[in-house]
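Spelled out, the chains give:
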Amino acid sequence: MRLSELSERSGVSTATIKYYLREGLLQPGRRVSATQAEYDDTHLRRLRLVRALIQLGKVPVATAREVIAAAEDESLDHHLRLGAATWALPTGPEPDEDDPEAAAAGRTVSALLQHVGWRHDQELGELSPAYRTLVAAVAALRRLGYPCGVAHLLPYARLAGQLAVTDLDLIEEQPTKAGQIEAAVALTVLYEPVLLSLRRLAHSEESARRFTDTDEA
């Protein structure tokens, strides 16, 4: 397809597509003349990924470029390519190394991972952006005096483990490894707001069930 058709089918303006091409976010098309190129379905899929990263995930262009580079690095095994791509996505705040609560939070997180048997995550430890974000979150809970011990975090970890199975099942539905890597990034970006929204809706439903006064005046 030509650039105009790629724009029409993807919903991305030709000017934006040209910008993505210049920034290395979109692979070049096949040259058919000095001024024209042809594109195919791989370009459509890449545009979906770029839009998910930049527009929905609010990922900077430079970071989006890192994600795409990781997805295309065939020197890595499939697990590492998936991890490298998703690790490039933005996470929450980093723990403060000078905060005594951060050290205590780190011990809690390590104990939690050991309890649920997540050995891979235990080995990665502070190398993992998600691990560091979790430590920072637990440290904040500790500072404010809210419950955040292993017993309190365990139900969340178990639910997350179940969600991971569902997520990976969706990712494996993609027929190619490249498609699976792109899906891992896109689904991470797109499904996190779904999870947050469902959690808040569930809170509302449970609160109404518990606290709505059904007694007639």
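Note: the structure precedes this text.
Everything quoted here is computed from the prediction, not taken from an experiment.

> Can you walk me through the packing of helix 3 (residues 41-56) against helix 10 (residues 177-211) in this structure?
Relative placement of two packed helices is described by the angle separating their axes and the distance separating the axes. One way to put it is that helix 3 packs onto helix 10 with a least axis distance of 9 Å and a crossing angle of 25°. The pairing of helix 3 with helix 10 is recorded here as roughly parallel in orientation. For the pair helix 3 and helix 10, the sense of crossing is left-handed. When helix 3 is examined against helix 10, the residues Arg45, Arg46, Leu49, Ala52, Leu53 and Leu56 are found in contact with a partner set consisting of Ala178, Gly179, Glu182, Val185, Ala186, Val189 and Leu190. When grouped by side-chain class, the residues that make up the contact of helix 3 with helix 10 number nine nonpolar, one polar and three charged.

> Before we go on, may I ask you to explain the packing of aromatic side chains in this structure?
Aromatic ring pairs are defined here through the distance separating the ring centres and the angle between the ring planes. Enumeration according to the criterion identifies one aromatic pair in this entry. Ring geometry for Tyr19 and Tyr20: centres 6.1 Å apart, planes at 50°, overall tilted. Classification of Tyr20 as buried rests on a relative accessible area of 4%.

> Would you explain a negative patch on the surface in this entry?
A cluster of acidic side chains, namely Asp96, Glu97, Asp98 and Glu126, defines a negative patch on the protein surface. Residue placement: Asp98 occurs in the loop between helix 5 (78-87) and helix 6 (100-116). What makes Asp98 exposed here is its relative accessible area of 72%.

> Got a minute to help me understand the pattern of salt bridges in this structure?
Any two side chains of opposite charge can pair if their charged atoms end up close together. Counted under the stated rule, the structure contains ten salt bridges. One salt bridge in this structure joins Glu182 and Arg45, with 2.7 Å as the shortest N-O distance. Pair noted here: Glu182 is in helix 10 and Arg45 is in helix 3, with a separation of 137 residues, a long-range link. Overall, the relative accessible area of 9% leaves Glu182 in the buried class.

> Any chance you could explain a nonpolar patch on the surface here in plain terms?
A cluster of nonpolar side chains, namely Leu56, Leu190, Tyr191, Val194, Leu198 and Leu201, defines an oily patch on the protein surface of about 550 Å² accessible area. In terms of residue count, helix 10 provides more of the nonpolar patch than any other element does, five residues in total. Here Leu201 lies in helix 10.

Rules used throughout
Residues numbered from 1 in each chain as written. Predicted model: local features only at pLDDT ≥ 70, side-chain atom pairs only at ≥ 80, totals over all residues. Heavy atoms only, no water. Axes fitted to C-alpha atoms, helices over the stretch in contact; angles between N-to-C directions. Helix = DSSP H or I, 4+ residues; strand = E, 2+ residues; numbered from the N terminus. Parallel < 35°, antiparallel > 145°, perpendicular 65-115°, else oblique. Left-handed = near helix turned anticlockwise from the far one by under 90°. Contact = heavy atoms within 4.5 Å. Nonpolar A, V, L, I, M, F, W, Y, C, P; charged D, E, K, R; others polar. Phe/Tyr/Trp six-rings, centres within 6.5 Å; stacked < 30°, edge-to-face > 60°. Buried < 20%, exposed > 50% of the residue type's maximum accessible area, 1.4 Å probe, protein only. Patch = residues over 30% accessible without salt bridge, like charges linked within 9 Å, V, L, I, M, F, W, Y side chains within 5 Å. Areas by Shrake-Rupley, 256 points an atom, 1.4 Å probe, with all protein chains shown as cover. Salt bridge = Lys/Arg side-chain N within 4 Å of Asp/Glu carboxyl O. Lys, Arg positive; Asp, Glu negative; His and termini not counted. Charge placed at Lys NZ, Arg CZ, Asp CG, Glu CD.

The values are spatial; any link to function lies outside them.
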